[in-house]
Structures are given as C-alpha cells and as structure tokens.
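Fold and contact review
For reference, the chains in residue letters:
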Amino acid sequence: MRYDVADNGTVSNGRVFFDVTAEKDDGLPDGMKLDSQGNLYCAGPGGIWVFSPDGKHLGTIKPPETPANCNWVTTASRFTSQPDGLYRIKLASMGQRTLYQ
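Let me begin by describing the structure that accompanies this report. Fair warning: this is a prediction, and the values are worked out from it, not measured in the lab. (Residues numbered from 1 in each chain as written. Predicted model: local features only at pLDDT ≥ 70, side-chain atom pairs only at ≥ 80, totals over all residues. Heavy atoms only, no water.)

**A word on the overall build of the chain**
A count of helical and extended segments in the chain gives zero helices and nine strands. Starting at the N terminus, the α and β elements of the chain follow one another as β-β-β-β-β-β-β-β-β. Considering the chain as a whole, with its 101 residues, one finds that 32% of them fall into the buried category. Summarising the internal contacts of the chain: among those between residues at least 6 apart in sequence, 27% fall at separations of at least 24. By element, 52% of the accessible surface of the chain is carried by carbon and sulfur atoms, the whole surface being about 6900 Å². (Helix = DSSP H or I, 4+ residues; strand = E, 2+ residues; numbered from the N terminus. Buried < 20%, exposed > 50% of the residue type's maximum accessible area, 1.4 Å probe, protein only. Contact = heavy atoms within 4.5 Å. Areas by Shrake-Rupley, 256 points an atom, 1.4 Å probe, with all protein chains shown as cover.)

In structure tokens:
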C-alpha cells in the first residue's frame, strides 16, 4: 500500500502500490528499504524486488535462496534467506538512511 503522509504524521488516501499476490515463487513482501533515488527494495516472491517511486517494477534480484528480509549496509544491499542464508550485493545506488534506529 501507499499513503499520503501529512506534516503531523497522519496518513490518508491509501492505495495499492504494487500487488504481488499472483506471483507463484516463495516469499512475501518484507524488509522494505529506499535508495538515495527513492527506489524501493523489498524482499518478496523469488527475490529482492526493486520499484521506482511511482510503483513501476524495475527488476528483481534473484539469489539462490528465497529472501526473508532486506537491509542496507553502506553501498550494498544485504538480505537474509531462510533457513540461514546471508547475502550481500553491491549496488550503484546508495541506501537512504532510515528515520529511526
């Protein structure tokens, strides 16, 4: 889902950002992170899905195992898979710092 966020933190105008329910690969959306250009990286069915800010699917990073989460480590995306995998891929884009720690 995608929402408009007001200055006071309230959200409104909920709408579907992207729907992966028809995908047949294992995995669910989780571990969403933004890069410095506003692209969204998200663990999902069959890999790490990459979306433009307007919801266009730019591509999927397909590791050997189904990812369970996604995170940034400086200039790389790091993701875990089940049962115990840990992968890292170097990207051309920098990760955006999270608003919370």
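**Here's the deal with the packing of aromatic side chains**
Taken as a whole and assessed by the stated rule, the structure comprises four aromatic pairs. Here Phe17 and Phe51 contribute two aromatic rings whose centre-to-centre distance is 5.7 Å and whose plane-to-plane angle is 70 degrees, an arrangement assigned as edge-to-face. Residue Phe17 is found in the loop between β2 (11-15) and β3 (30-34), and its partner Phe51 is found in strand β5 (residues 47-51); the two are separated by 34 residues along the sequence. Aromatic ring contacts, followed pair by pair, group Phe17, Phe18, Trp49 and Phe51 into a single cluster. (Phe/Tyr/Trp six-rings, centres within 6.5 Å; stacked < 30°, edge-to-face > 60°.)

**A look at the nonpolar core**
Core analysis: the biggest nonpolar cluster contains eight residues, these being Tyr41, Ala43, Ile48, Val50, Ile61, Cys70, Trp72 and Leu91. Only β4 (40-44), β5 and β7 (67-73) provide two or more residues apiece to this core. When residues no more than four places from it in sequence are discounted, the contact partners of Val50 are Asn39, Leu40, Tyr41, Lys56, His57, Leu58, Gly59 and Ile61. Listed in part, the five residues of the second largest apolar core include Phe17, Val20, Trp49 and Phe51. (Core = buried A, V, L, I, M, F, W, Y, C linked by side-chain atoms within 4.5 Å.)

**Some remarks on the environment of Asp84**
Among the secondary structure elements, Asp84 is positioned in the loop between β8 (76-81) and β9 (85-90). Among the residues examined, Asp84 registers a relative accessible area of 66% and is labelled exposed. Along the sequence, Asp84 and Glu65 sit 19 residues apart, while their C-alpha atoms lie 9.6 Å from each other.

**Let's talk about the pattern of salt bridges**
With the rule as written, the count across this model stands at two salt bridges. When the shortest N-O distance is used, the salt bridge between Asp4 and Arg15 registers 3.2 Å. Residue Asp4 is found in strand β1 (residues 2-5), and its partner Arg15 is found in strand β2; the two are separated by 11 residues along the sequence. Note that Lys62 and Asp25 form a salt bridge whose closest N and O atoms lie 3.5 Å from each other. Note that Lys62 is positioned in the loop between β6 (57-61) and β7 and Asp25 in the loop between β2 and β3, a separation of 37 residues in sequence. (Salt bridge = Lys/Arg side-chain N within 4 Å of Asp/Glu carboxyl O.)

**Examining a nonpolar patch on the surface**
Side chains of Met1, Tyr3, Val5, Val11 and Val16 sit close together on the surface and give an oily, nonpolar patch of about 540 Å² of accessible area. Turning to its location among the elements, Val11 is positioned in strand β2. Given the relative accessible area of 53%, Val11 is considered exposed. (Patch = residues over 30% accessible without salt bridge, like charges linked within 9 Å, V, L, I, M, F, W, Y side chains within 5 Å.)

Take it as geometry only, folks, not as evidence of what the structure does.
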